[in-house]
Every structure is written in C-alpha cells, then in structure tokens.
Amino acid sequence: MGKLSTKENKTIYHLSREETGLSREKASLALGWISPERLEKIENEKSNPRPDEVLEMATVYKNPSLCNYYCANQCPIGLQYVPAIKIKDLSSIVLEMLSSLNKIQHKQERFIEIAADSHISSEEIADFIKIQEELEKLSINIETLQLWSENMLVNGTINIDEYNRIKNNK
C-alpha cells in the first residue's frame, strides 16, 4: 500500500479513496480509466471531476454520497437545483418524513383551494410558500432515504441480491 497522506482538509474524494485503503495508483487501476495524476488533481482541487468520473469513484469507493456531493456542490446545474443530503440513520429519516407528511396533510385543503383556479393570488402566496417549503422538506427526506438505501446496499447491510430480486419482480 502507498503511504498515507498527512494533508489536512482532505476533499471528500481523497477521504473516500483512503477509506477504501487504496493508493492513487491502485485506485486508478480499479477505476480503469482515471489516471493517478488525474485523481491527484481532483483530490487537491486543481481540477473538478467530471460526472462520469464521480460515478465511477462512487462505485469503486462504495460511496454513493459522492454523487450527491458533486451535484450539490460542483455541478453548475446541481448548484441551483440539487440540495445537499446529510446522511442520517433510518429512524431519523422516517420520523422527519412522517412529520412532513402530517404537516402537508393538514394543509391539503388549503392547497386545493389555492390550486383550484390555477392562479395564486396575493392572499394565497404566503400559504403557498409554506406548503412549497414543506414539500421541499419531504423531497429531501425522500432523497435522504434513497441515499441511505444505496449506502446500505453497497456496504452489505441490505442483501443486494434479495433487494434486486424483490424490486425487479413487482
């Protein structure tokens, strides 16, 4: 194994590679087409990774969070549209999701009133924004659950073969 870096403030890409126990050279071999020099540039923020590189690193390093990190922090489109997802435990995700669903259910009638005429009046804007914010929280909870599931699948906590068998036999 190559020597471990003592650099402070390592990037998520650098930390993810090191967590797999791979040197840049071995990571490059596992990645197949990303050179050690390219990895060094990405890890030291001399160059931003491309989406295909992030996908490959996420797979080889068994860290699906890399994709959300890239989209939320480095992709020009994602910076505007993709929220950063924080890894949480399943119980926290479920409780937050249920809380959002309950709040939305209580605002359901108001949402219907607002949407009925396909126009949002000045009197409806504040309520519409509150509902929109709650829906955004729910969306983030759904994405967090998806990321949690992906992490559990890659680390073997959830049996991937059984998961795929059941999912594909709907």
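In this text the structure is predicted, and so the values were computed from the model without any measurement.

Trainee: Can you tell me about a nonpolar patch on the surface, naming the residues and giving the values?
Mentor: A cluster of nonpolar residues, Leu90, Val94, Leu98 and Leu101, forms a patch on the protein surface that exposes about 300 Å² of accessible area. With respect to the helices, strands and loops of the structure, Leu90 is situated in helix α7 (residues 90-106).

Trainee: Explain the side chain of Arg17 residue by residue, including any values.
Mentor: Within the secondary structure, Arg17 is located in helix α1 (residues 12-19). Of the residues examined, Arg17 reaches a relative accessible area of 5% and is grouped as buried. A polar side-chain atom of Arg17 sits 2.8 Å from the main-chain carbonyl oxygen of Leu22. At a separation of 2.5 Å, a polar atom in the side chain of Arg17 contacts the side chain of Glu43. Excluding its chain neighbours within four sequence positions, the residues that come into contact with Arg17 are Leu22, Ser23, Arg24, Ala27, Glu43 and Tyr61.

Trainee: I'd love a proper account of the packing of α7 against helix α9 (residues 125-154), names of residues and values included.
Mentor: Where α7 contacts α9, the two axes come as close as 9 Å, and the packing angle between them is 155 degrees. If you check the angle between α7 and α9, you find them roughly antiparallel. As for how α7 packs across α9, the hand of that crossing is left-handed. Across the interface between the two elements, Leu90, Ile93, Glu96, Met97, Ser100, Leu101, Lys103 and Ile104 of α7 pack against Glu134, Leu135, Lys137, Leu138, Asn141, Ile142, Thr144, Leu145 and Trp148 of α9. Considered class by class, the residues forming the contact of α7 with α9 number 10 nonpolar, 3 polar and 4 charged.

Trainee: Tell me about the pattern of salt bridges, and please be specific about residues and values.
Mentor: By the definition in use, this model includes 12 salt bridges. Across the pair Lys10 and Glu18 runs a salt bridge, and its minimum N-O distance is 2.7 Å. On the basis of relative accessibility, which here comes to 18%, the residue Glu18 falls in the buried class. Where Arg17 meets Glu43, a salt bridge forms, and the shortest distance between an N and an O atom there is 2.5 Å. Highlighted residues: Arg17 in helix α1 and Glu43 in helix α3 (residues 36-43), separated in sequence by 26 residues. Among the charged side chains, a salt-bridge network with shared partners connects Arg38, Arg50, Asp52 and Glu53.

Trainee: Lay out unusual backbone geometry with the relevant residues and their values.
Mentor: The phi torsion at Glu45 lies on the positive side, around 60 degrees, for a residue other than glycine. Structurally, the position occupied by Glu45 is in the loop between α3 and α4 (51-60). The exposure class assigned to Glu45 is exposed, which follows from its relative accessible area of 61%. In this model, Lys62 sits at a positive phi of 55 degrees, which is unusual for a non-glycine residue. Topologically, Lys62 is positioned in the loop between α4 and α5 (65-73).

Trainee: Tell me about the packing of aromatic side chains, residues and numbers included.
Mentor: In total, this model carries 1 aromatic pair according to the counting rule given. Ring centres of Tyr13 and Tyr69 lie 5.9 Å apart, and the angle between their planes is 80 degrees; this geometry places the pair in the edge-to-face category. A residue pair is termed long-range when its members are at least 10 positions apart, and Tyr13 in helix α1 and Tyr69 in helix α5 qualify at 56 residues. For Tyr13, a relative accessible area of 1% gives the class buried.

Trainee: Requested: an account of α3, with residues and values cited.
Mentor: Buried within α3 we find Arg38, Leu39, Ile42 and Glu43. Projected down its long axis, α3 shows its buried positions confined to an angular sector of 130 degrees, all on one face. Considering only its buried residues, α3 is in contact with α1, α2 (24-31) and α4.

Trainee: Account for the packing of α1 against α5, with residues named and values stated.
Mentor: Two numbers describe how α1 lies on α5: the axes approach to 11 Å, and their chain directions differ by 170 degrees. As summarised for this structure, α1 and α5 are arranged roughly antiparallel, according to the angle between their axes. Contact residues: Ile12, Tyr13 and Ser16 in α1; Leu66, Tyr69 and Tyr70 in α5.

Calculation criteria
- Residues numbered from 1 in each chain as written.
- Predicted model: local features only at pLDDT ≥ 70, side-chain atom pairs only at ≥ 80, totals over all residues.
- Heavy atoms only, no water.
- Patch = residues over 30% accessible without salt bridge, like charges linked within 9 Å, V, L, I, M, F, W, Y side chains within 5 Å.
- Areas by Shrake-Rupley, 256 points an atom, 1.4 Å probe, with all protein chains shown as cover.
- Salt bridge = Lys/Arg side-chain N within 4 Å of Asp/Glu carboxyl O.
- Helix = DSSP H or I, 4+ residues; strand = E, 2+ residues; numbered from the N terminus.
- Buried < 20%, exposed > 50% of the residue type's maximum accessible area, 1.4 Å probe, protein only.
- Polar contact = N/O pair within 3.5 Å; in protein donor to acceptor, adjacent residues only side chain to side chain.
- Contact = heavy atoms within 4.5 Å.
- Axes fitted to C-alpha atoms, helices over the stretch in contact; angles between N-to-C directions.
- Parallel < 35°, antiparallel > 145°, perpendicular 65-115°, else oblique.
- Left-handed = near helix turned anticlockwise from the far one by under 90°.
- Nonpolar A, V, L, I, M, F, W, Y, C, P; charged D, E, K, R; others polar.
- Phe/Tyr/Trp six-rings, centres within 6.5 Å; stacked < 30°, edge-to-face > 60°.
- Arc of directions from axis to C-beta.

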